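Chains, contacts and geometry: an overview
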Amino acid sequence: MNPKIVVSAIIVIAFVIFGSYSFMDSNLEYTDIAGALKSHKKVQLKGEWNKDKASGFSQEKAQFTFYLRDEKGEECKVILEGAAPNNFELATSVVAKGRFTDEGYFHATEVLTKCPSKYEAKSEEVNKSS
Amino acid sequence: MIGALLVKIAFVTCLISILAYIQHLRKGEENVLKIARWFYHSTVITILLFSATLLYLILTHQFQYTYIWSYSSRELPTPLLISTFYAGQEGSFTLWLLYTSIIGVFLLRYSSRKGYESEVMPAFGLIVQMLLLLIVVKSPFTFVWETWPGEVQAGFVPANGRGLNPLLQNYWMVIHPQVLFAGFSAMGVPYAYAIAALIKRDYKNWIRPATPWIVFGALMLGIGIIMGGYWAYETLGWGGYWAWDPVENSSLVPWLFSVASIHTILSQRKSGAFIRTNLVLGMLCFLTVLYSTFLTRSGVLGDTSVHSFVDPGMWVYWLMIGMLVLFSSIGLVLLMLRMKEMPKVPVLHDYYSREFALFLGSATLVVIAVFITVGTSSPIITEILQGKKSAVEIGFYSKTVLPLGILIGILTGIAQLLWWTKSDKREFFSSLLLPTVLSLATTALLVSLKVHDLRLALFIFGSSFALFSNIQVGSRIVKGNPKYAGGAIAHVGLAVMFFGFVSSSEYDSKQTVSLTQNEPVEALGYTLTYKGYKSLDEEKYAFQVKVEKDGKEYHAAPIMYYSKFNEGLMRNPDVINLKTKDFYVAPLSLESASDAEKKATATFHMKKGDTATMGSMEITFNEFDFPVMEKAAMLEGRKVTIGAKLTVKEYGKKPEELKPSKVMENGAATDQPVRYQDRYEFTIASMQPDRDNKDNSKVEIAVKDLMAVNEQKAKGDVLVVEASVKPFINLVWSGVIILFLGLGVTIVRRAQEARLKHESAD
């Protein structure tokens, strides 16, 4: 065997292992509240904002608190580091990235919002713009 | 009408041109070549004409076109109005096509001078052809009544358009997409040349005419990428210049491939080796552009990113997959056909040669590109593996790219110190001495000051090594022939940029600050004072923040507003550039004094007998005070008073009975609030008395905390911002400029060489 090929093969295999390990490690599971409670890793929690319960931004802690309800109807408190994301009021569903804490709330580092797409123009809108 | 027709004409003329080129390739008739050229030029003129038509329609507000209605409006200033040309998919495909076709005109003359025309042009023409097909399918010239047949009346002209997303209303929108698409278009050239090389069986020389184009593509794409990063940093408020977002990654990957191919081509020039590698890399420059476009334009990433990726419909989705398959299989089939006859150049160089270092460097760049591609494609990968789309965390990229970055730093240094083919080991090691010592000293200094992370320390070592060895070699080259210094200059830029990455993103500091109007607050060693806001236009407000340090005064004016277009709160940061650092002020929220009443008021819905708590108070709703005699009065329209009987209990105090009421007269209601302990004011917000079944009576009680109201009012508006300091971020920008300068020098040198080489061959 050509030693160059052996060396390159080893390097390639090392990179593949390194890459797939990092990939698995960084890949955030999409889950509901039950799944997020079970998992010890950072997850993506999907649900909708429960507007009936108090939400708000705390100036002192610079955190945004709201209640999230998942598809199964379970509910939990979410504390996001930072202000409410753009379009939060409008979002049809939200995805919070983070994990559950021992105090029983979901501590999110990022919240993504899924909005009724502005880009999906409707014919009514065209007719209105006369 | 005319626009859509011109698109179809261009589609036909382009096809004729390709067929004529292929015919010429087979038969070699001079007349056919003239036909091919004539039709290619007609195609470009037609494309120019319909692009001009689209621009004219935009400038004259022809909102009967769906595309123009969707992205522009009468209110936009002219530069932004022009930029709506490429604000949507249809238009950005048109821009891509426009630049590709124009590059084709230069390529035609250039390749014909170098004897590659009839091989290069059909391949390049096919790119134009497929882009035209995209526009035929997704045309910017569709009328609103064609988009919604039956729902919108034919001939209807909307009075105004929906307008441009305020996020895009920025001068960067005018320039950034143009540069980026020029880069994407240029990447078609190495693909066409690689195909031409395979057809022509010219595996050796194609790289010479192709090199200036690859470097040009890398330069344009690079400038486009960094402009996007600066835009995100300065205006969009992403906090940094790089967020590993799919949109950013998808232009970085082709850039990495182009840079890798620049380096292996260099090796092939010297030793003749890496023939296959260069053919594959040349093709990948363009194929990754296609794949990126597919990722970001087909809707396949779904809702896994902050960007909303528009679903363009089935046709475009499959057309993009079709393009990927078509262009990859052309390349792959040709490669396989020619594989056996390609000359096997024995690798003469040993490990201590520049070729080997360049090969390792390119391989590292390719590995980085692969990691980024895998990360960006993770929604697709996870959907296949787990049936559910999910994205990787941003940490994936820094974790995988950082160690490879260390390698890149060291290799850029070593490659410059080595000779082609074989180096004298003694000489090599002695040349290593100075940069190594200097790098070790730099690293030790920074470790003693701040850096306490092994990987970062190694990264700093790698970057310093690249810096010092390239300065050492570069200064020697500049004294001889400055034209040859492109590589060294680019590497110095890269090293400077690497330092900027570490300082600005690993050693930045952040703090959230609540700024009461006119009250100075200390944060991160600076004194911040919120001075009030001023209106910029209909909906935008700039918040004036005075920043002081060591007697010097700076002003930041971050912007925050409610956007009607996005139906949400928009925030734009402001940056104060202080030479050695940036002070970055990102607005979070405004706690307005006029909202004080609302904020300090709590409301409770209660049924008879319910108890609510507020602070230490327990409030019970007993019943309505609704005397029978008043029933008759109400029917006659006379004055009636209805009260809600409440009991308020507080620990350690005597329970108190309260009765807020509403007075109704002639259909109008006035509140009669009552106070508790001179601090809380109770009002009936709404009520549903049920006289037949008193247990069903419902009331909504509002309790205002007067103390909190006064406090908030006395304080005035409170602006909450996130202040951050990004040390030495200017290193990133200056590194980038040096890097691009180096690429520019290289283009000039290689273009001259390609010309001389050709002349000497005549």
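Residues numbered from 1 in each chain as written. Chains lettered and ligands numbered in written order. Predicted model: local features only at pLDDT ≥ 70, side-chain atom pairs only at ≥ 80, totals over all residues. Heavy atoms only, no water.

Helix and strand counts for chain A stand at three helices and seven strands. Its helices and strands taken in sequence order, chain A reads α-β-α-β-β-β-β-β-β-α from the N to the C terminus. Considering only contacts in chain A between residues 6 or more positions apart, those separated by 24 or more positions represent 42%. With the model as given, the accessible surface of chain A reaches about 7,400 Å², and the carbon-plus-sulfur share is 56%. (Helix = DSSP H or I, 4+ residues; strand = E, 2+ residues; numbered from the N terminus. Contact = heavy atoms within 4.5 Å. Areas by Shrake-Rupley, 256 points an atom, 1.4 Å probe, with all protein chains shown as cover.)

This part is about the overall build of chain B. In terms of regular secondary structure, chain B is built from 23 helices and 20 strands. Seen along its three principal axes, the alpha-carbon backbone of chain B occupies a region of about 115 × 75 × 50 Å. Per-residue burial over chain B gives 54% buried out of 762 residues. Taking the intrachain contacts of chain B between residues at least 6 apart in sequence as the baseline, contacts between residues at least 24 apart amount to 68%. Positive and negative side-chain charges in chain B, numbering 71 and 62 respectively, have mean positions lying 11 Å apart. (Buried < 20%, exposed > 50% of the residue type's maximum accessible area, 1.4 Å probe, protein only. Lys, Arg positive; Asp, Glu negative; His and termini not counted. Charge placed at Lys NZ, Arg CZ, Asp CG, Glu CD.)

Turning next to the side chain of Ser377(B). All names here are of chain B. Counting through the fold element by element, Ser377 comes out in the loop between α14 (354-376) and α15 (378-386). Engagement of the side chain of Ser377 in a polar contact is seen with the side chain of Tyr291, the distance being 2.7 Å. Not counting residues up to four positions away in its chain, the partners in contact with Ser377 are Tyr291 and Leu295. (Polar contact = N/O pair within 3.5 Å; in protein donor to acceptor, adjacent residues only side chain to side chain.)

Below, the discussion takes up the pairing of strand β4 (residues 541-549) of chain B. Residue and element names in this part refer to chain B. Bridge count for strand β3 (residues 526-535) against β4 is eight bridges, and the pairing is antiparallel. Bridge pairing in β4 places Leu528 opposite Val547. As consecutive antiparallel partners, β3 and β4 are separated by five residues. Bridge count between β4 and strand β6 (residues 559-563): two bridges; the pairing is antiparallel. Paired with Ala542 across the bridge in β6 is Ile559. Direction of pairing for β4 relative to strand β5 (residues 552-556): antiparallel, over a ladder of five bridges. (Pairing = 2+ DSSP bridges.)

It is worth spelling out the confidence of the model for chain B at this point. Averaged over all residues, the pLDDT of chain B equals 88, while 95% of them reach at least 70. Model confidence for the complex: the whole-complex pTM is 0.85, and ipTM, which rates the interface, is 0.81. (pLDDT = per-residue confidence, 0-100.)

This part is about the sheet that holds strand β18 (residues 680-688) of chain B. All names here are of chain B. The strand order across the open sheet built from four strands is β10-β19-β18-β17, with neighbouring strands paired in antiparallel fashion. Edge positions in the open sheet fall to β10 (601-607) and β17 (674-676), since each of these has one partner strand only. Direction aside, neighbouring strands of the sheet carry axes that sit 30° apart on average. The sheet contact formed by β17 and β18 spans three bridges and is antiparallel. Along β18, the bridge assignment pairs Val674 with Phe682. (Axes fitted to C-alpha atoms, helices over the stretch in contact; angles between N-to-C directions.)

We now examine the domain arrangement of chain B. What the domain assignment reports for chain B is domain 1 (1-164), domain 2 (168-352), domain 3 (511-592 + 715-727) and domain 4 (596-714). Its C-alpha centre places domain 3 of chain B at a distance of 41 Å from the equivalent point of domain 4 of chain B. (Domains from an automatic or database assignment.)

All names here are of chain B. Strand order in the open sheet formed by four strands is β1-β20-β9-β8, and the pairing between neighbours is antiparallel. The sheet is open, and its two edges are formed by β1 (509-516) and β8 (574-577), each paired on a single side. With direction set aside, neighbouring strand axes in the sheet form an average angle of 25°. Bridging between β1 and strand β20 (residues 718-727) involves eight bridges; their strand directions are antiparallel. Note that in β20 the partner of Ser514 across the bridge is Val720. Sheet strands in contact with helix α10 (residues 207-236) are β8, β9 (581-591) and β20, and its direction is about 45° off that of β9.

Right, let's get into the packing of helix α17 (residues 425-449) of chain B against helix α18 (residues 454-480) of chain B. Describing two packed helices takes the angle between their axes plus the distance from one axis to the other. Residues and elements named next belong to chain B. At a minimum axis distance of 8 Å, the contact between α17 and α18 shows a crossing angle of 140°. For the element pair α17 / α18, the angle class is oblique. As for the relative orientation of α17 and α18, their crossing is right-handed in sense. Side by side, α17 and α18 meet where Ser431, Leu432, Leu434, Pro435, Thr436, Leu438, Ser439, Leu440, Thr442, Thr443, Leu446 and Val447 of the first sit next to Ala457, Ile460, Phe461, Ser464, Phe465, Phe468, Ser469 and Gln472 of the second. (Parallel < 35°, antiparallel > 145°, perpendicular 65-115°, else oblique. Left-handed = near helix turned anticlockwise from the far one by under 90°.)

Counted according to the given criterion, the structure contains 48 aromatic pairs over all chains. Taken together, a centroid distance of 6.3 Å and an interplanar angle of 70° make the contact between Phe15(A) and Phe371(B) edge-to-face. Of this pair, Phe15(A) sits in helix α1 (residues 3-26) while Phe371(B) is found in helix α14, placing the two residues in two different chains. Seen in terms of ring centroids, Tyr352(B) and Phe428(B) are 6.0 Å apart; in terms of plane orientation they differ by 65°. Their pairing is edge-to-face. Here Phe428(B) lies in helix α17 and Tyr352(B) lies in the loop between α13 (314-339) and α14, a separation of 76 residues in the sequence. Of the residues examined, Tyr352(B) reaches a relative accessible area of 28% and is grouped as partly exposed. Using a relative accessible area of 6% as the deciding quantity, one classes Phe428(B) as buried. By way of ring pairs, the aromatic residues Tyr171(B), Trp172(B), Tyr230(B), Tyr233(B), Tyr241(B), Phe459(B), Phe498(B), Phe501(B), Tyr584(B) and Trp733(B) are connected into one cluster. Over the ring of Tyr110(B) we find Lys114(B); its NZ or CZ atom is 4.1 Å from the centre of that ring. Above the plane of the ring of Tyr584(B) lies Lys726(B), whose end atom (NZ or CZ) is 5.2 Å from the centre. (Phe/Tyr/Trp six-rings, centres within 6.5 Å; stacked < 30°, edge-to-face > 60°. Lys NZ or Arg CZ within 6 Å of the ring centre and 35° of its normal.)

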